[in-house]
Amino acid sequence: MVVVLREGATSAQRDEIARMLRNPPAIEYIRPVRSVAGEVFCVPTSAMRPGVRAQLARHPAVARLIPISTSYQLASKALSPVKTRVKVGEVVFGGGDPIIIAGPCSVESEEQIFEAARFARGAGAHLLRGGAFKPRTSPYSFQGLGMPGLEMLARAGAASGLPIVTEVMEPGLVGAVAALADVLQIGARNMQNYPLLRTAGRSGRPILLKRGPSATIEEWLLAAEYILAEGNANVILCERGIRSFDTMTRNVLDLNCVPLLASLTHLPVLVDPSHATGMRGLVLPMGVAAIAAGADGLIVEMHPRPDEALSDGDQSIDPATLRRLVHQSRTVRAALRESASLPLDDGSAGPLVSPDAIVESVQI
Ligand code: PEP
Ligand code: MN
């Protein structure tokens with residue numbers, strides 16, 4: 001249940017509502033937060049004492065009550081049927097145009113990241129990515145350049161005019177990373193690192209939340225809920241492939257989740273075809289497929305010389321492929337938008353194959 005407060009509710013009224021909702025008193029998480037629906041309290045419906053709902057409905061500081069049956073509340077589409085738009089400078093995630101984030105897996109040197117930034121910009125990408133703190137499977141692999149790498153990324157972003165996205169792996173570094181990065185990435189391996197989610201939620205920066213390699217969609221939305229519950233409404237989900245039995249590709253890109261999420265949540269959804277496939281030859285076709293499925297954008301690994309990359313070179317595309325990906329993404333989105341206004345067989349206007357039409361037909 002989400003309790004939406006009226007604008008101008010007083011702190012005495014907030015305290016009173018919190019007291020009404022807190023039962024047993026150990027539920028400390030009951031406090032007002034900013035959300036897409038305004039200032040709200042969130043409570044599991046099962047934690048509501050009988051009678052409280054009716055009392056709340058009459059309370060002068062309560063604008064409305066939204067019953068939400070799912071475990072995630074602030075992330076639910078029931079809270080806001082309109083897609084959340086996450087603004088990063090001039091760029092808008094969830095605004096209709098496919099947003100492309102591109103750059104190397106890791107920042108390797110000042111020269112490499114400046115070159116990558118120039119190529120990303122030239123290809124029409126909107127944001128620059130680059131890992132400085134790297135979650136590597138082996139402790140013997142390149143671990144990233146750390147703070148100096150982040151500073152290089154920030155300089156390359158500023159020089160190219162592209163906002164930057166980078167991963168933060170530990171709560172203690174959130175402040176330092178948020179001081180330089182425009183968007184904080186929570187990596188797949190950390191999707192359920194709850195102290196990290198809470199701290200990142202308080203950073204004031206938009207969060208790109210990757211799906212854990214074995215996380216269900218519900219677990220992923222609950223991870224987003226941790227960030228939203230800190231009052232940070234700027235969460236972007238990112239599907240990056242899930243574990244499967246097949247070892248032919250690094251992961252399996254779960255494209256099902258793209259139209260499905262559009263029916264479950266108001267949050268924008270990106271797809272990472274680099275980590276999802278592990279093969280650079282699959283990044284372009286699967287990236288375009290993700291846009292066709294209704295993704296709000298892509299994050300891809302692009303290296304000026306993929307064969308020389310210190311990490312994830314096999315799945316990194318070159319600048320020419322990035323240019324093609326940006327162009328094809330725009331073309332596919334425009335074609336779907338155009339066909340959305342085609343008349344149906346019976347002559348009436350209606351959506352045919354737009355992403356929205358796909359979502360409407362999803363049965364959950
Ligand atoms: C990355 O983006 O470089 C990365 C490590 O991604 P993921 O967390 O999805 O594996
Ligand atoms: Mn990588």
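Residues numbered from 1 in each chain as written. Chains lettered and ligands numbered in written order. Predicted model: local features only at pLDDT ≥ 70, side-chain atom pairs only at ≥ 80, totals over all residues. Heavy atoms only, no water.

1. Considering the overall build of the protein
Selection criterion: Here a strand is any run of E in DSSP of at least two residues, a helix any run of H or I of at least four, and the numbering for each starts at the N terminus. Computation of the radius of gyration draws on C-alpha atoms, with the globule rule given as 2.2 Å multiplied by the number of residues to the power 0.38. Buried means the residue's accessible area, taken with a 1.4 Å probe over protein chains only, is under 20% of the maximum for its type, while exposed means over 50%, and partly exposed covers the values in between. Any two residues whose heavy atoms approach within 4.5 Å are treated as being in contact. Only the protein chains shown count as cover for residues, and the accessible areas themselves come from Shrake-Rupley with a 1.4 Å probe. A positive count includes Lys and Arg, and a negative count includes Asp and Glu. His and the chain ends are not counted in either. Where a charge lies is defined by one atom per residue type, namely NZ (Lys), CZ (Arg), CG (Asp) and CD (Glu).
A count of helical and extended segments in the protein gives 12 helices and 14 strands. Taken against the 2.2 N^0.38 rule, which gives 21 Å for 364 residues, the C-alpha radius of gyration of the protein at 21 Å falls within 12% of a compact globule. Along the first, second and third principal axes, the C-alpha set of the protein runs to 65 × 60 × 40 Å. Split into buried and exposed, the 364 residues of the protein put 53% on the buried side. The long-range share in the protein, meaning contacts at least 24 apart out of those at least 6 apart in sequence, stands at 70%. Accessible area for the protein stands at about 15,700 Å²; split by element, carbon and sulfur atoms hold 54% of it. Averaging the positions of the 36 positive and the 35 negative side-chain charges in the protein gives two centres separated by 5 Å.

2. Quick look at the environment of valine 43
Take valine 43: it is sitting in the loop between strand 3 (38-42) and helix 2 (52-58). For valine 43, a relative accessible area of 1% corresponds to the buried category. Taking the C-alpha atoms as reference, valine 43 lies 16 Å from histidine 59; in sequence the two are 16 residues apart. Other than its neighbours up to four places away in sequence, valine 43 contacts Met1, Leu21, Ile30, Met48 and Gln73.

3. Notes on the nonpolar core
The cut-off we apply is this: As used here, the term nonpolar core means buried Ala, Val, Leu, Ile, Met, Phe, Trp, Tyr and Cys residues forming a set that is joined through side-chain atoms within 4.5 Å.
Membership of the largest hydrophobic core comes to 78 residues, with the highest contact counts inside it found for Leu128, Leu209, Leu237 and Leu322. When near neighbours in sequence (up to four residues on either side) are disregarded, leucine 209 contacts Ile186, Met191, Leu197, Trp220, Ala223, Ala224, Ile227, Val235, Ile236, Leu237 and Cys238. Leu5, Ala9, Leu21 and Ala61 belong to the second-largest nonpolar core, a separate cluster that totals 16 residues.

4. Concerning the coordination of the manganese ion (ligand 2)
Here is the rule: In this analysis a donor is any N, O or S atom within 2.8 Å of a metal ion (3.2 Å for sodium, potassium and calcium), and since water is not included, sites may seem incomplete.
Every protein donor of the manganese ion (ligand 2) is listed here as Cys105 (SG), His275 (NE2), Glu301 (OE) and Asp312 (OD), and their distances to the metal cover 2.1 to 2.4 Å. Counting along the primary sequence, the residues that act as donors to the manganese ion (ligand 2) give the motif C-x169-H-x25-E-x10-D. Of this pair, cysteine 105 sits in the loop between strand 7 (99-103) and helix 3 (110-123) while glutamate 301 sits in strand 14 (residues 297-301), placing them 196 residues apart in sequence. Grouping residues by exposure puts cysteine 105 and glutamate 301 together as buried.

5. Here we look at helix 11 (residues 319-339)
Just so we agree on the cut-off: The span expected for a helix works out to 1.5 Å for each residue beyond the first.
Taking 1.5 Å per residue, 21 residues should reach 30 Å; helix 11 reaches 30 Å between its end C-alpha atoms and fits that length. All buried positions along helix 11 are accounted for by Pro319, Thr321, Leu322, Leu325, Val326, Ser329, Arg333, Leu336 and Ser339.

6. Observations regarding the pattern of salt bridges
This is how the line gets drawn: Between Lys or Arg on one side and Asp or Glu on the other, a salt bridge is scored when a side-chain nitrogen of the former is within 4 Å of a carboxyl oxygen of the latter.
Summed over the entire model, instances satisfying the criterion amount to 16 salt bridges. For glutamate 39, the salt bridge identified is with arginine 14, shortest N-O distance 2.6 Å. One end of the pair, glutamate 39, is in strand 3; the other, arginine 14, is in helix 1 (residues 11-21), and 25 residues separate them in sequence. Exposure remark for glutamate 39: the relative accessible area of 12% places this residue in the buried category.

7. Some points on the packing of aromatic side chains
Quick reminder of the rule: The pairing test for Phe, Tyr and Trp rings, Trp by its six-membered ring, is centres within 6.5 Å, and the orientation test on the planes gives stacked under 30 degrees, edge-to-face over 60, and tilted for anything in between.
Scanning all chains against the criterion turns up 1 aromatic pair. Arranged with centres 4.4 Å apart and planes meeting at 25°, the rings of tyrosine 194 and tyrosine 226 form a pair that is stacked. Of this pair, tyrosine 194 sits in helix 6 (residues 194-201) while tyrosine 226 sits in helix 7 (residues 217-228), and the two are 32 residues apart along the sequence. Taking relative accessible area as the criterion, tyrosine 194 reaches 30% and is therefore assigned partly exposed. Overall, the relative accessible area of 26% leaves tyrosine 226 in the partly exposed class.

8. Brief notes about the sheet that holds strand 2 (residues 33-35)
How we decide: Strands pair, by our definition, only if DSSP identifies at least two bridges between them. Note on method: axes are straight lines fitted to C-alpha atoms, helices fitted across the in-contact stretch only, with angles between N-to-C directions ranging 0 to 180 degrees.
Pairing within the open sheet is antiparallel, and its 4 strands lie in the order 2-3-1-4. Here the strands that pair on one side only, and so sit at the sheet edges, are strand 2 and strand 4 (62-66). Each adjacent strand pair in this sheet contributes to an overall mean axis angle of 35°, direction not counted. Bridge count between strand 2 and strand 3: 3 bridges; the pairing is antiparallel. Note on strand 3: the bridge partner recorded for serine 35 is glycine 38. Contacts from helix 1 reach strand 1 (2-5), strand 3 and strand 4, with the element oriented near 25° to strand 3.

9. Looking at the environment of isoleucine 217
Following the sequence through the fold, isoleucine 217 ends up in helix 7. In this structure isoleucine 217 comes out as buried when scored by relative accessible area, which is 15%. The spacing of isoleucine 217 and glycine 281 is 64 residues in sequence and 27 Å in space, taken between C-alpha atoms. The residues touching isoleucine 217, leaving out its near neighbours within four places in the chain, are Arg211, Asp254, Cys257, Leu260, Leu261 and Leu264.

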